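Structural features, examined
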Amino acid sequence: MLTNKLPFLFIVVVLFSFVFSIAEAQRRVPSNTHENQIPLLLSSSNELDTVPIRYIPADSIPKDTIHADTVRVDSVHSNAIDAPVVYFANDSIVTMMDGGNIIRLYGKANVKYRELELTGEYIEIDANKNMVYATFALDSIGEEFGYPIFKEGSSQYEMKKIWYNFKTKKAFIRDVITEQGEGYVTADQTKKMDNDDLCMINGRYTTCDEHDHPHFYMKLTKAKVRPKKNIVTGPAYLVLEDVPLPVFIPFGFFPFTSDYSSGIIMPTYGDEISRGFSLRDGGYYFAINDYMDLALTGEYYTKGSWGVSARSSYRKKYKFSGNLNATYLVTKLGDKGSSDYSVSKDFRLAWSHSKDPKADPNSTFTAGVNFSTSSYNKNSVESLSTPETYQNTKSSSVNYTRRFGDLFSVSGNATVNQVSKDTTLSMTLPNLTITMSDVYPFRRKEQVGNPRWYENIRMSYTGLFMNSISNVKEYDFLKKNIIKDWRNGMQHQIPVSASFNLFNFINISPQFSYTSRWYTNQIEQQYNYRTGQLAPTDTTYGFYRVWDYSGGISMNTKLYGFFNPLPALFGKWAEGKTIRHVMTPTITFNGAPDFSAPHYGYYKDVYYLDPATGRVDTATYSPYQYGIFSPPQPGQTGTMTFTLDNNIEMRSIGADTTRKYSLIDNLGLSMSYNFLADSMKWSNLNASLRLKLMKSFTLNLRGTFDTYTYDETGRRINVPRWEAGKGFGRLMATGTSFSYSLNNEVLKKLFGKKDEKAASGSSELNSENDSGSDNEEVTSEDAEGKKSTSLRERKKQDGEYDPDGYMIMNIPWNLSFSYSMSLGYDTRSGKFNPETREYPYRITQTLGISGNINPTKGWSFNFNTSYDFDYHKIAFMQCSITRSLHCWQMSASISPLGPYPFYSFTIAVNASLLKDLKYTQSSNYRDAVNWY
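Residues numbered from 1 in each chain as written. Predicted model: local features only at pLDDT ≥ 70, side-chain atom pairs only at ≥ 80, totals over all residues. Heavy atoms only, no water.

Considerations on the overall build of the chain
Quick reminder of the rule: For helices the rule is a DSSP run of H or I covering at least 4 residues; for strands it is a run of E covering at least 2, with both sets numbered from the N terminus onward. Throughout this description, buried means an accessible area under 20% of the type-specific maximum (1.4 Å probe, protein chains only), exposed means over 50%, and partly exposed covers the range between. The contact criterion used throughout is that any non-hydrogen atoms of two residues lie within 4.5 Å.
Each helix and strand counted, the chain has 5 helices and 55 strands in total. Within the chain, the proportion of its 932 residues that are buried is 36%. Excluding contacts between residues fewer than 6 apart, the proportion of contacts in the chain whose partners are at least 24 apart in sequence is 50%.

Written as structure tokens, this is what we have:
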């Protein structure tokens, strides 16, 4: 009977054995844990401290086993340690008392001793020998998990195995990983000394976080690591993608510090046909203090060119921040003594500064300086790869404003405008403005009832001091005299105005303005018979005051009109539609006396004999017309100005909502008539149009219409166009400019509907993936519940995934356009048509296009171009490609079109510490590379 059941019993035993083996494999320790013996330096006795690991099944755990409790160990052995050891385990704790004092911790174990903390999946403590051993474990499929993490003070290491002696404070470590600075240090065998130094054999230093197979590393045959200080290594060589390269160093030194420090900046090698071989951007970096640094670099070419530069950045929290860059270049081209030999000296100063409003709300200080000589951009290697090379104008400004309460404010600024084409510049230094806000001198301090009419009278003050020079050559700028060549003066303006309401519909605003100008010189003129014009003859210096005044009144109101589209014409579209037209007419009267009258002394008459007629004629001029502020205009003024603004919008009324559409956001017309002028009483007609074509795009147009005719010589005559039968006005000048960007989000809003359900599902899925077991970070948790991230964690996958597990294709891109156009009379010599007595038109246009696309997370394509409408070709184009190679980055840039074609290619390590580990190849426009 028993014989018949033996096969059945055998199968049952096999099944139970298989089940127990699976349960045991879930947390077993590698079988070869103690293949290597502990070095003698770790043991407190003369014996080799080799501890075999045995796994005790759960059903055979002794009765004194403690599960997941915190225990204090105070040994009474003769070589007892001097502080308690506190240990903890999530799974189980096994104490072995048979001939020894060994404690084994299973499942996210944790041991603390003084400042030391050791975590791991399996830890073994030998209290007699003052030793602790920690290692990882294997899961059911053989994957490693629970790597030990060793912390002591501010140092932290991760390894696969560690033996540590509590008495000697020394350790022997296998497969250690430690983060030092921006990189990681790994080693097969490491000895930790009692002063925390790490002595390594077969080490690796890399900035790649793929620790098992880094993309590159420096192979360190022998090395000593001083945590957070430096690494000193013996012979080392570079390994790229597991391939040793013939880049060998006999020794190396890698400094680390939490504070920035001074050091040498390694130069970059380059070569050009025109300037020769070069070493660029090499020098020294000064860490001055916690708020400021300074980098002094230079460049040298074998054919004699050289340059020096200084770069500094500064920042003080809640105070200010900025950076300064100054460069001096000497460029030598050609052979000395030959006809093509030239030497150019260039200078550039770039400064940006901003003051934090938190430092002082009542004052602001900003600076944006970009000053350089005209030839700097084409002689500087760095500028050739930027669109700045093709800019014809540059501007710089420095501004300071100080407010004194709510009434007064003082602002000063200095500006410089440069034109590279003709090497001229214009400078204003300084421009000082004093402003007083509106005050109501007749308003009562305590208002009772409605304000009286005179309480609405308000006045303000603006004072302006200017000192400037215009259109001076760069090489002559320092030679100019501040008194004779610079223009300076001061202007005071006091406007007085008020506002009233008439019949509850008409707003009336009277105003009076007084202006005073102070000049430091006046220029006398005489008639020049050679040129047939007045010309300056003498300048007298002194203090001269010129003043004028004017007054006026304006009235405006609003008129509303509503229009319902006829269903007979527009069909169903007209249902629920209403068009509203808002007109805002404004009439303004302004008047001023004739300040060219002799008793004012602002204008002088010059008598001369006209050679053509033989008669004595008179020319009038103002001695202050060359001053920085224009003198009062001659002739009395009595002008009426009419302005009409229009707004047209449509409202669509539905069952639940009402939507509003802007048809014409604003259409403005303005024209004036001077009653007291002896001729040309009508002004030009000014028009403006603003259309909101899309939510993020607005088109602005402005135009001026000429209202008078011309004689056969092109001179304007006092005959309005409507009297000559040529219409009301002819377009004289117009222009517009706009920029617009297209990208994924804009197209979705325009043509697509957002799938909220899919977006919600994607978000939920991402949340699940973030917390799932496949991608979650491997952490070890101590008794206090704190988590420390493992350096050996499995890398998270990049990208978003749909509910089926497929990656969502998201290719971000952007395309930007910038366009400007101006149309106007072509008044150049010989362009006037004497038959039609009209000037032809001239169009000036500029178009710029830029864009970028990221087909994958690692790739990026960018381009920037501009089109020249005068020459009908592309003026400039630059394309660049960037590829992120995890811990490396590769970039290529090319400019095939334009006056300065070039290319550049760079592959370099991302970490700033190893920024000199790179390869760069570039061209120069002087090398005459033929791209066409």
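Here we look at the pairing of strand 13 (residues 183-192)
Spelled out, the test is: Between any two strands, pairing holds if DSSP finds at least two bridges.
Counting buried residues along strand 13, 7 of its 10 residues qualify, which places the element largely inside the surrounding structure. Bridge count for strand 12 (residues 171-180) against strand 13 is 9 bridges, and the pairing is antiparallel. Opposite Glu179, over in strand 13, you have Tyr184 as the bridge partner. Between the antiparallel neighbours strand 12 and strand 13 lie 2 residues, among them Gly181 with a positive phi of about 65 degrees. Direction of pairing for strand 13 relative to strand 14 (residues 198-206): antiparallel, over a ladder of 8 bridges. Bridging from a neighbouring strand, Ala187 pairs with Gly203 of strand 14. The hairpin formed by strand 13 and strand 14 contains 5 residues between the paired strands, and Asp196 there has a positive phi angle of roughly 75 degrees.

Here's the deal with the packing of aromatic side chains
The cut-off we apply is this: By convention, a stacked pair of Phe, Tyr or Trp rings (six-membered ring in the case of Trp) has centres within 6.5 Å and planes under 30 degrees apart, an edge-to-face pair has planes over 60 apart, and any other such pair is tilted.
Taken as a whole, this structure holds 43 aromatic pairs when the rule is applied. The interplanar angle of 80 degrees and the centroid separation of 5.1 Å between the aromatic rings of Phe216 and Trp888 together place this pair among those described as edge-to-face. Taken together, the positions of Phe216 in strand 15 (residues 216-226) and Trp888 in strand 53 (residues 888-897) put the pair 672 residues apart, joining distant regions of the chain. The class of Phe216 is buried, set by a relative accessible area of 0%.

Let's talk about the pattern of salt bridges
This is how it is decided: In the sections that follow, a salt bridge refers to a side-chain nitrogen of Lys or Arg positioned within 4 Å of a carboxyl oxygen of Asp or Glu.
Applying the stated rule across the entire model yields 22 salt bridges. The residue Glu524 makes a salt bridge to Lys604 at a minimum N-O spacing of 2.9 Å. With Glu524 in strand 34 (residues 506-528) and Lys604 in strand 38 (residues 604-609), this residue pair connects regions lying 80 residues apart in the sequence. Across the pair Arg721 and Glu838 runs a salt bridge, and its minimum N-O distance is 3.0 Å. Linking Arg721 in the loop between strand 45 (716-720) and strand 46 (730-743) with Glu838 in the loop between strand 49 (813-825) and strand 50 (841-853), this pair joins segments that are 117 residues apart in sequence. Neither Arg721 nor Glu838 differs from the other in exposure class; each is buried. Several salt bridges share partner residues, and in doing so they unite Arg721, Lys726, Arg730 and Glu838 into one network.

Here we look at the environment of Thr836
The test is simple: Throughout this description, a polar contact denotes any pair of N or O atoms lying within 3.5 Å of each other; where both atoms belong to protein, one of them has to be capable of donating a hydrogen while the other can accept it, and for residues adjacent in sequence the pair is counted only when both atoms sit in side chains.
Positionally, Thr836 belongs in the loop between strand 49 and strand 50. Taking the C-alpha atoms as reference points, Thr836 and Glu712, separated by 124 residues in sequence, lie 8.6 Å from one another. There is a polar contact of 3.4 Å between the side chain of Thr836 and the side chain of Asn833.

Regarding the nonpolar core
Heads up, the rule is: For the purposes of this section, nonpolar cores are sets of buried Ala, Val, Leu, Ile, Met, Phe, Trp, Tyr and Cys residues that join through side-chain atoms within 4.5 Å.
Counting 46 residues, the largest nonpolar core has Leu105, Ile123, Ile125 and Ile231 as its most contacted members. Setting aside residues up to four positions removed in sequence, Leu105 forms contacts with Tyr87, Phe88, Ala89, Ser92, Ile93, Asn110, Val111, Glu121, Tyr122, Ile123 and Ile125. Counting residues in hydrophobic clusters, the runner-up holds 14 residues, among them Met466, Phe595, Ala597 and Phe629.

Considering the pairing of strand 40 (residues 637-653)
In this structure, strand 37 (residues 577-592) lies alongside strand 40, joined through 16 bridges in antiparallel fashion. Each residue of the ladder has a partner; that of Ala592, found in strand 40, is Thr637. Of the strand pairs in this sheet, strand 40 and strand 41 (residues 658-674) are connected by 14 bridges, and their pairing is antiparallel. In the sheet register, Leu644 faces strand 41, and the bridge partner there is Leu669.

Concerning unusual backbone geometry
Omega for the peptide link from Leu429 to Pro430 comes to -5 degrees, which places this bond in the cis form. Structurally, Pro430 is set in strand 30 (residues 424-439). Despite not being glycine, Tyr318 shows a phi value in the positive range, around 65 degrees. By secondary structure assignment, the location of Tyr318 is in the loop between strand 24 (306-316) and strand 25 (320-333). Looking at Tyr318, the relative accessible area reads 47%, which means it is partly exposed. The phi dihedral of Asn504 falls on the positive side, at around 65 degrees, and the residue is not glycine.

Points about the environment of Ser313
In this structure, Ser313 sits in strand 24. With 18 residues separating them in the primary sequence, Ser313 and Ala295 have C-alpha atoms 9.2 Å apart.

Things to note about the side chain of Asn413
With respect to the helices, strands and loops of the structure, Asn413 is situated in strand 29 (residues 408-419). According to the relative accessible area criterion, Asn413 is buried, its value standing at 18%. Excluding residues within four positions of it along the chain, Asn413 makes contact with Val398, Asn399, Thr428, Pro430 and Asn431.

As for the confidence of the model for the chain
Applied cut-off: pLDDT is a per-residue confidence score from the predictor, ranging from 0 to 100.
Here the chain shows a mean pLDDT of 80. Residues at 70 or above account for 82%. Counting interchain partners and residues more than four positions distant, the pLDDT-below-50 stretch residues 1-29 has 20 contacts. In the model, residues 756-788 has pLDDT below 50 throughout and makes 40 contacts with residues more than four positions away in sequence or in other chains.

Structural notes on the state of the cysteines
As a reminder, the rule being used: Here, a disulfide means two cysteine sulfur atoms that sit within 2.5 Å of each other.
In this structure the tally under the stated criterion is 0 disulfides. Free of any disulfide, Cys887 has its nearest neighbouring cysteine sulfur in Cys208, separated by 3.8 Å. Using a relative accessible area of 5% as the deciding quantity, one classes Cys887 as buried.

Considerations on the environment of Tyr184
You can see Tyr184 is positioned in strand 13. For the pair Tyr184 and Cys208, spaced 24 residues apart in the sequence, the C-alpha separation amounts to 7.5 Å.

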